[in-house]
Amino acid sequence: MRQQVERCDLAHDLSVSRVLTGLWQIADMERDGRALDLAAAATSMGSYVEAGMTTFDMADHYGSAELIAGQFLQNTDTPDQVQVFTKWVPEPGPISRKDVRDAVQRSLDRLQTDRIDLLQFHTWHYADPVWLDALFWLQELREEGLIRYLGLTNFDTAHLRIALHSGIDIVSNQVCFSLIDQRPKNTMVDLCLEHDVKLLAYGTLAGGFLTERWLNRPEPDPGDPLTYSQMKYRRFIEAAGGWEVFQQLLDVLKDVAQRTGASMANVASRYILDQPAVCGVIVGARLGESEHIEDNLRLFQLELDERSREMIEDALSLMGS
């Protein structure tokens, strides 16, 4: 029997929940000028911590996510038991050492803390080598004590290798990794295992497509209302072989879920969680609206046996993911 909440050592002194709570949907909730009750949203974070899911992932552009987390950290009695990860996603163009410091200080102020547990860096264009300069300047801030650990977001294998071989102390890379997007397998995983870099996987449910909701459903029409996330993952489904092959995968997930007493979402996330180098999966939450805490906890009780893995891998062999 698995412990109720599995944990992973992202670094030697940084233990995280293997299901991280992603706060990207805060930006969706605030679209069209909607103002969230920050205090209420911060209170909702407490439900995750009480359940043992103490790790939260956000970014500087996820609406008020950092402000909400900052309120929570100020109001909780045990801030040292909560791990708050954020990202810096600068606009394309020149970056100076001052820009880097200003960005980190802005997140520190919003989070109401003096050190960021994990600062994850994203770049839009590798052709401009300023991305590597930015990492060196972030490392300076880490040595200064403003950042506990450095991670990356959406880096490919070649540029992760450049960062590592340049002497940047990287502990993680956050990447899209799901049953319909298997790109991190092989070269990325091999490099991470070689350098003890952990993968944090997002998109494991493909915007909700890898759940009961889409089982035996017709393919969405071009005019059907889909979220931005669903439009993105629908393209992944098309690249992986199309809707008919995708439905065959969902049939397998349904069969495995019924055999194990789990949800299809649990099975899809568990398969990725069991991949080499994967430290955790990031599951999004709409704080105060749609949280799925109990279903997320059931993920820790699920163990895929050899037969279940074979069924899933046979289905994956039909896809171009």
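Above this text is the structure in question.
Since this is a predicted model, take the numbers as computed values, not measurements.

### So, the overall build of the chain
Broken down by element type, the chain carries twelve helices and ten strands. The globule rule puts the C-alpha radius of gyration for 321 residues at 20 Å, and the 19 Å found for the chain is close to it. Reported as C-alpha extents along the three principal axes, the dimensions of the chain are approximately 50 × 45 × 40 Å. Burial statistics for the chain: of 321 residues in total, 56% are counted as buried. Considering only contacts in the chain between residues 6 or more positions apart, those separated by 24 or more positions represent 78%. Carbon and sulfur atoms provide 47% of the accessible area of the chain, an area that totals close to 14,400 Å². With 30 positive and 49 negative side-chain charges, the chain shows a separation of 1 Å between the mean positions of the two kinds.

### Re the environment of Gln4
Within the secondary structure, Gln4 sits in the segment before strand S1 (7-11). Separated by 293 residues in sequence, Gln4 and Leu297 have C-alpha atoms that sit 7.0 Å apart. Apart from residues no more than four positions distant in its own chain, Gln4 is found in contact with Leu297, Phe300 and Gln301.

### What about the packing of helix H2 (residues 38-50) against helix H3 (residues 65-75)?
Two elements in contact, H2 and H3, have axes separated by 8 Å at closest approach and are oriented at 65 degrees. The angle between H2 and H3 falls in the class roughly perpendicular. For the pair H2 and H3, the crossing hand works out as right-handed. Contacts from Leu38, Ala39, Ala41, Ala42, Met45, Gly46 and Val49 of H2 reach H3 at Leu67, Ile68, Ala69, Gln71 and Phe72. In terms of residue class, the contact of H2 with H3 is built from ten nonpolar, two polar and no charged.

### Notes on the nonpolar core
Core analysis: the largest hydrophobic core is formed by 120 residues, its most contacted members being Leu138, Leu210 and Ile312. With nine residues, the single largest contributor to this core is helix H9 (residues 243-260). What Leu210 contacts, discounting residues up to four positions off in sequence, is Ser178, Leu179, Ile180, Thr204, Leu205, Phe246, Leu249, Leu250, Leu253, Met264, Ala265 and Ala268.

### Some points on the pattern of salt bridges
As a working rule, side chains carrying opposite charge can pair if their charged atoms are close by. What the rule picks out here adds up to 17 salt bridges. Where Asp169 meets Arg142, a salt bridge forms, and the shortest distance between an N and an O atom there is 3.7 Å. In this pair, Asp169 sits in the loop between helix H6 (157-165) and strand S8 (170-176) while Arg142 sits in helix H5 (residues 130-144), placing the two residues 27 residues apart along the sequence. Relative accessible area serves as the criterion here: at 39%, Asp169 is assigned to the partly exposed category. Counted as one network, the salt bridges with shared partners bring together Glu6, Arg18, Arg270 and Asp274.

### Re the sheet that holds strand S7 (residues 147-153)
Strand order in the closed barrel made by the eight strands is S3-S4-S5-S6-S7-S8-S9-S10, with parallel pairing throughout. Adjacent strand axes in the sheet meet at a mean angle of 30 degrees, parallel and antiparallel pairs treated alike. Here strand S4 (residues 55-57) pairs with strand S5 (residues 83-88) via three bridges, running parallel. Within S5, the position partnered with Thr55 by the bridge is Gln83.

Reading guide: rules and limits
Residues numbered from 1 in each chain as written. Predicted model: local features only at pLDDT ≥ 70, side-chain atom pairs only at ≥ 80, totals over all residues. Heavy atoms only, no water. Helix = DSSP H or I, 4+ residues; strand = E, 2+ residues; numbered from the N terminus. Rg over C-alpha atoms; globule rule 2.2 N^0.38 Å. Buried < 20%, exposed > 50% of the residue type's maximum accessible area, 1.4 Å probe, protein only. Contact = heavy atoms within 4.5 Å. Areas by Shrake-Rupley, 256 points an atom, 1.4 Å probe, with all protein chains shown as cover. Lys, Arg positive; Asp, Glu negative; His and termini not counted. Charge placed at Lys NZ, Arg CZ, Asp CG, Glu CD. Axes fitted to C-alpha atoms, helices over the stretch in contact; angles between N-to-C directions. Parallel < 35°, antiparallel > 145°, perpendicular 65-115°, else oblique. Left-handed = near helix turned anticlockwise from the far one by under 90°. Nonpolar A, V, L, I, M, F, W, Y, C, P; charged D, E, K, R; others polar. Core = buried A, V, L, I, M, F, W, Y, C linked by side-chain atoms within 4.5 Å. Salt bridge = Lys/Arg side-chain N within 4 Å of Asp/Glu carboxyl O. Pairing = 2+ DSSP bridges.

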